[in-house]
Amino acid sequence: LQVFNSQVAVPQDLAGLKVLVTAGGTREAIDDVRFIGNRSSGKQGLAIAKAAKARGAEVTLIAANIDTSSTFDTKIVAVSNTEQLQAALKNEFASTDLLIMAAAVSDARPIATEGKVKKDQYKQLNLEETPDLLAEISKSRAKQFIVGFAAEEGANLLQEGNRKLAAKGLDLIYANNIEDGRIFGSDKTSGYLISKDSTIEIEKMNKETLASKLLDVVVERLNSHNV
Ligand code: CTP
């Protein structure tokens, strides 16, 4: 017996919409050889890009240091550091209906040095803050629906999720639980999907299931805005 999953009907409720997804984690150069990175696997962002595509959206994926070979009929913009991600975002945002910012963006970057720092000068790093790309782009929005992410420890999930929703000018945020470092590289996720007037608890589920739940909430809110 063979089951053809691809023949299971998926609602085309994102047809006609342009969806921009960022996924992966940025790398900031320390020198020409080394970088500061993070543990983001890109799995959640990739799952969202694929789910949006399956629901009929035209998808652009800004991919920071991840393998995108499993995507299909998706525009890929490969970036490495925060500055490149910022530039790609600026390029794509105006023609986007829905931005989903799943990438783990560095909060700080080294003041980069050319060549290779020698061991005796490698005792400390000078860091500068990176701009908050979401907060910045949400100020320039026309009609775009904007979804952000927050990685938090359990006790802070709701409070920090709500704070970042407001501070970054978002329509929806997924505050995911990083307790015990279990989110990174994992296939499972848990946390809260928070908008201004609803909070949905997400109990441990596959990142694919979260992707489809998140898009359900987006579609519901887009439809209620349009009536
Ligand atoms: N983000 C961003 N630009 C940055 C840092 C983060 O756009 N320089 C985005 C991430 O893509 C994510 C959201 O902001 O969607 C939350 O990131 P997070 O690091 O949790 O938020 P911060 O405001 O940096 O707060 P914290 O002090 O908790 O790190």
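Quantities reported herein were computed from a predicted structural model and do not represent experimental measurements.

Visitor: I would appreciate a short explanation of the pattern of salt bridges in the present structure.
Guide: Think of it this way: side chains of opposite charge can pair up when their charged atoms draw near. Throughout the structure, instances matching the rule amount to 13 salt bridges. Two residues, aspartate 97 and lysine 143, come together in a salt bridge whose shortest N-O distance is 3.5 Å. Residue aspartate 97 is located in the loop between α2 (82-93) and β6 (98-101), and its partner lysine 143 is located in the loop between α3 (133-139) and β9 (145-152); the two are separated by 46 residues in the primary sequence. Sharing partners across several salt bridges, the network here consists of Asp13, Arg55 and Asp216.

Visitor: Quick question: what am I supposed to make of a nonpolar patch on the surface here?
Guide: A surface patch of nonpolar side chains, amounting to about 260 Å² of accessible area, comprises Tyr122, Leu125 and Leu127. A residue is classified by how much of its surface remains accessible, and leucine 127, at 48% relative accessible area, is partly exposed.

Visitor: I'm lost on unusual backbone geometry in this one. Help?
Guide: The phi torsion of most residues other than glycine is negative, and most of the peptide bonds are trans. A positive phi angle is found at asparagine 65, which is not glycine, with a value near 60°. With respect to the element layout, asparagine 65 can be found in the loop between β4 (58-64) and β5 (75-79). On the basis of relative accessible area, asparagine 65 is assigned to the partly exposed category, the value being 29%. In this model, aspartate 73 sits at a positive phi of 50°, which is unusual for a non-glycine residue. Within the secondary structure, aspartate 73 is located in the loop between β4 and β5.

Visitor: What is the right way to look at the site of the ligand in this model?
Guide: Around the ligand, 16 residues are found, and the nearest of them are Ala103, Asp107, Leu134, Phe149 and Lys164. Proline 131 has a polar backbone atom sitting 2.9 Å from a nitrogen atom of the ligand. Within the backbone of leucine 134, a nitrogen or oxygen atom sits 2.8 Å from an oxygen atom of the ligand. Listed by contribution, the elements that provide at least two residues to the shell around the ligand are α3 and β9.

Visitor: It is not clear to me how the pairing of strand β10 (residues 172-177) should be interpreted in this structure. Could you clarify?
Guide: Each regular strand shows side chains that alternate between the opposite faces of the sheet. Counting buried positions over the 6 residues of β10 gives 6, a clear majority of the element. Covered by surrounding structure in β10 are Leu172, Tyr174 and Asn176 together with Ile173, Ala175 and Asn177, the residues of both alternating faces. Note on the crossover from β9 through helix α4 (residues 157-167) to β10: the handedness is right-handed. Bridge count between β10 and strand β11 (residues 188-195): 5 bridges; the pairing is antiparallel. Across the sheet, residue tyrosine 174 finds its bridge partner in β11, namely leucine 193.

Visitor: What am I meant to see in the packing of aromatic side chains here?
Guide: The description of an aromatic ring pair rests on the distance of the ring centres and on the angle between the ring planes. Evaluation of the coordinates by the stated rule reveals 1 aromatic pair. Residues phenylalanine 149 and tyrosine 174 carry aromatic rings whose centres are separated by 5.9 Å and whose planes lie at 85° to one another, so their mutual orientation is edge-to-face. One end of the pair, phenylalanine 149, is in strand β9; the other, tyrosine 174, is in strand β10, and 25 residues separate them in sequence. Residue classification places tyrosine 174 among the buried positions, given a relative accessible area of 0%. Sitting over the face of the ring of tyrosine 122, arginine 34 holds its NZ or CZ atom 4.1 Å from the ring centroid.

Parameters at a glance
- Sequence order as written defines the numbering, with residues in each chain counted from 1.
- This being a predicted model, a pLDDT of at least 70 is required before a residue's local features are given, and a value of 80 or more before pairs of side-chain atoms are given or counted; all residues contribute to the totals for chains, interfaces and linings.
- Based on all heavy atoms of the structure, the side-chain values leave hydrogens and waters out of the count.
- Criterion for a salt bridge: a side-chain nitrogen of Lys or Arg within 4 Å of a carboxyl oxygen of Asp or Glu.
- Secondary structure elements are defined from DSSP: runs of H or I of at least 4 residues count as helices, runs of E of at least 2 residues count as strands, and each element is numbered from the N terminus.
- Residues enter a patch when their relative accessible area is above 30% and they make no salt bridge; the linking distance is 9 Å between like charges and 5 Å between nonpolar side chains (Val, Leu, Ile, Met, Phe, Trp, Tyr).
- Here the accessible surface of atoms and residues is derived via Shrake-Rupley with a 1.4 Å probe, and residues count as covered only by protein chains that are part of the display.
- In this scheme, a residue with accessible area under 20% of its type's maximum is buried, one over 50% is exposed, and one in between is partly exposed, where area comes from a 1.4 Å probe on protein chains only.
- Residues are labelled near a given molecule or strand when at least one of their non-hydrogen atoms is within 4 Å of it.
- In the analysis that follows, any N or O atom pair within 3.5 Å is treated as a polar contact, provided that within protein one partner can donate a hydrogen and the other can accept it, and provided that, for residues neighboring in sequence, both atoms belong to side chains.
- Handedness of a crossover is defined as follows: orient the strands so they point away from the viewer, and if the path from the first strand over the helix to the second runs clockwise, the crossover is right-handed.
- Here, any two strands with at least 2 DSSP bridges between them count as paired.
- When the centres of two rings from Phe, Tyr and Trp lie within 6.5 Å, Trp using its six-membered ring, the rings pair. Their planes under 30 degrees apart give stacked, over 60 give edge-to-face, and anything left gives tilted.
- Placement of a positive charge over a ring is assigned whenever Lys NZ or Arg CZ falls within 6 Å of the ring centre and within 35 degrees of the normal to the ring plane.

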